[in-house]
Amino acid sequence: MQSSGHRFRDVEHHPLLAENDSYDSSSSEADVADRVWFIRDGCGMVCAVMTWLLVVYADFVVTFVMLLPSKDFWYSLVNGVLFNCLAVLALSSHLRTMLTDPGAVPKGNATKEYMESLQLKPGEVIYKCPKCCSIKPERAHHCSICKRCIRKMDHHCPWVNNCVGERNQRFFVLFTMYIALISAHALILCGFQFFSCVRGQWTECSDFSPPVTVILLIFLCLEGFLFLTFTAVMFGTQIHSICNDETEIERLKSEKPTWERRLRWEGMKSVFGGQPSLLWINPFAGFRIKRLILRAKKGGPEFSV
């Protein structure tokens, strides 16, 4: 397909357009931030619900099986507050990852009118995704589950029912970090609980019967070990990718960088925003509940696929 002044090609990657270029003149940054993004994928929704249920199960065992029956008030208070705060941060990060637009390119924007509005130089090549008929920005890849091209797409994660991309990678990193922390905390508490119960011959170490207590603790240990292993590896992989300014897809495809790499701290600052601060580990940073409520009352756009 050709038009006057530029060439138009159907390809899957390596676009000429810069990633900071605008692709939808009718949408501002504020509008994009206000949109509610949700992927209607059966597998992803089941995995997301399972994630919440497993965290709630861990919180139940830690609170009602290990801490509340303990005779040490300060031990129960400190560990209870710490574990529940980490759990809230983990689930909040999960929600922000799942409900944040990962950097989707508008569908069907590869129209003749839009081509003319770009005011491209004669002979300049732009690239179109043949699957969603959108102009592909640099480093964007098409997701078959989201059915969209995603800017700086790292991978599609069913546990958060969303792609991990340019706009929500920070929340995904926080999610893996907090899940790893509560998993490690739960395993440590399980170790102390087993030691306490064995030393006290399983008398008054829990409000539940010894068999039920053992089963609950064993399941929590298995869950904690599996989640700690998975999320710790994923957290390390994400930090490594950010510091090298390279997504997982780019690494697997061995794509040669056509962009100026942001290495180490520059890459971290580009993802987490600004200089290092406590805001980096705060999943609520940038969340505007009043604006979201106003958008809901006005019938704001819902980004669902």
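Here, residues in each chain are numbered from 1, in the same order as that chain's written sequence. A pLDDT threshold of at least 70 governs which residues receive local features in this predicted model, and a stricter bar of 80 or more applies before side-chain atom pairs are shown or counted, although totals over entire chains, interfaces and linings include all residues. Think of the side-chain values as coming from all heavy atoms in the structure, minus any hydrogens and water.

Moving on, we get to the nonpolar core. Throughout this description, the term nonpolar core refers to a set of buried Ala, Val, Leu, Ile, Met, Phe, Trp, Tyr and Cys residues connected via side-chain atoms within 4.5 Å. Accessibility here uses a 1.4 Å probe with only protein chains present; expressed as a share of the type maximum, an area under 20% marks a residue as buried, one over 50% as exposed, and anything in between as partly exposed. Grouped together as the largest cluster of nonpolar side chains are 37 residues, with contacts concentrated most on V61, V62, M66, F172, I179, L220 and F272. Strands are runs of DSSP state E lasting at least two residues, helices are runs of H or I lasting at least four, and both sets are numbered from the N terminus onward. Tallying contributions element by element places helix 5 (residues 169-199) first for this core, with 11 residues. Two residues form a contact once any of their heavy atoms are found within 4.5 Å. Beyond its immediate sequence surroundings of up to four residues, I179 is in contact with V55, A90, F227 and T231. If you look at the next biggest cluster of nonpolar residues, it comprises 9 residues, including A104, C143, I150 and M153.

This brings us to the pairing of strand 7 (residues 148-151). On strand 7, burial covers both faces: R148 and I150 on one face and C149 and R151 on the other are all buried. As defined by bridge partners, strand 6 (residues 140-143) adjoins strand 7 across 4 bridges and the pair is classed as antiparallel. Bridged to C143 within strand 7 is R148. Whether two strands pair depends on DSSP finding at least two bridges between them.

Moving on, we get to a nonpolar patch on the surface. Any residue with relative accessible area above 30% and no salt bridge may belong to a patch, with like charges joined within 9 Å and the nonpolar Val, Leu, Ile, Met, Phe, Trp and Tyr side chains within 5 Å. Methods summary: accessible areas were calculated by the Shrake-Rupley approach with a probe of 1.4 Å, and residue burial reflects only the protein chains presented. Throughout this description, the term salt bridge denotes a Lys or Arg side-chain nitrogen within 4 Å of a carboxyl oxygen of Asp or Glu. On the surface, a cluster of nonpolar side chains totalling about 440 Å² of accessible area is made up of F60, F64, L68, F208 and V212. With respect to the helices, strands and loops of the structure, L68 is situated in the loop between helix 2 (42-67) and helix 3 (73-99). By relative accessible area, which is 56% here, L68 ends up exposed.

A word on helix 5. To estimate how far a helix should extend, the number of its residues minus one is multiplied by 1.5 Å. End to end, helix 5 covers 45 Å across 31 residues, agreeing with the expected 45 Å (1.5 Å per residue, within 8%). A positive backbone phi angle near 55° is found at Q201, which sits one or two residues after helix 5.

A water-sized probe rolled over the atoms picks out the places where empty space is left. Method remark: on a 1 Å grid restricted to protein atoms, a set of points is classed as a cavity if a 1.4 Å probe fits but cannot get out and as a pocket if it is open with protein on both sides within 12 Å along at least five of seven lines; lining residues have an atom within 4 Å of a point. Grid points are joined across faces, edges and corners, and a volume is the space filled by probe spheres set on the points. By the definition in use, this model includes 3 cavities of 30 Å³ or more. Its boundaries defined by the atoms lining it, the largest cavity holds a volume of some 90 Å³. Every residue lining the largest cavity is listed: L54, V55, A58, I179, I182, S183, A186, L220, E223, G224 and F227. Of all the elements in the fold, those that place two or more residues in the lining of the largest cavity are helix 2, helix 5 and helix 6 (210-244). Each residue gets one label: Ala, Val, Leu, Ile, Met, Phe, Trp, Tyr, Cys and Pro are nonpolar, Asp, Glu, Lys and Arg are charged, and the others, such as Gly, are polar. Grouping the amino acids of the lining of the largest cavity by side-chain chemistry returns 8 nonpolar, 2 polar and 1 charged.

Turning next to the pattern of salt bridges. Under the counting rule described, the total for this entry stands at 6 salt bridges. In this structure, the salt-bridge partner of E250 is R139, at a minimum N-O distance of 2.9 Å. Taken together, the positions of E250 in helix 7 (residues 248-252) and R139 in the loop between strand 5 (134-135) and strand 6 put the pair 111 residues apart, joining distant regions of the chain. For the pair E250 and R139, one class covers both residues: buried. For K152, the salt bridge identified is with D245, shortest N-O distance 3.8 Å. One end of the pair, K152, is in the loop between strand 7 and strand 8 (155-157); the other, D245, is in the loop between helix 6 and helix 7, with 93 residues separating them in the sequence.

All right, on to the UniProt feature "transmembrane region" (unreviewed entry) in the protein chain then. Feature annotation in UniProt assigns "transmembrane region" (unreviewed entry) to the following positions: residues 45-67, 73-91, 171-194 and 214-235. When the span residues 171-194 is considered, its composition is 100% helix and 0% strand, and the gap between its end C-alpha atoms is 34 Å. UniProt positions are given in the numbering used here, feature names are shortened, and annotations may be inferred rather than shown by experiment.

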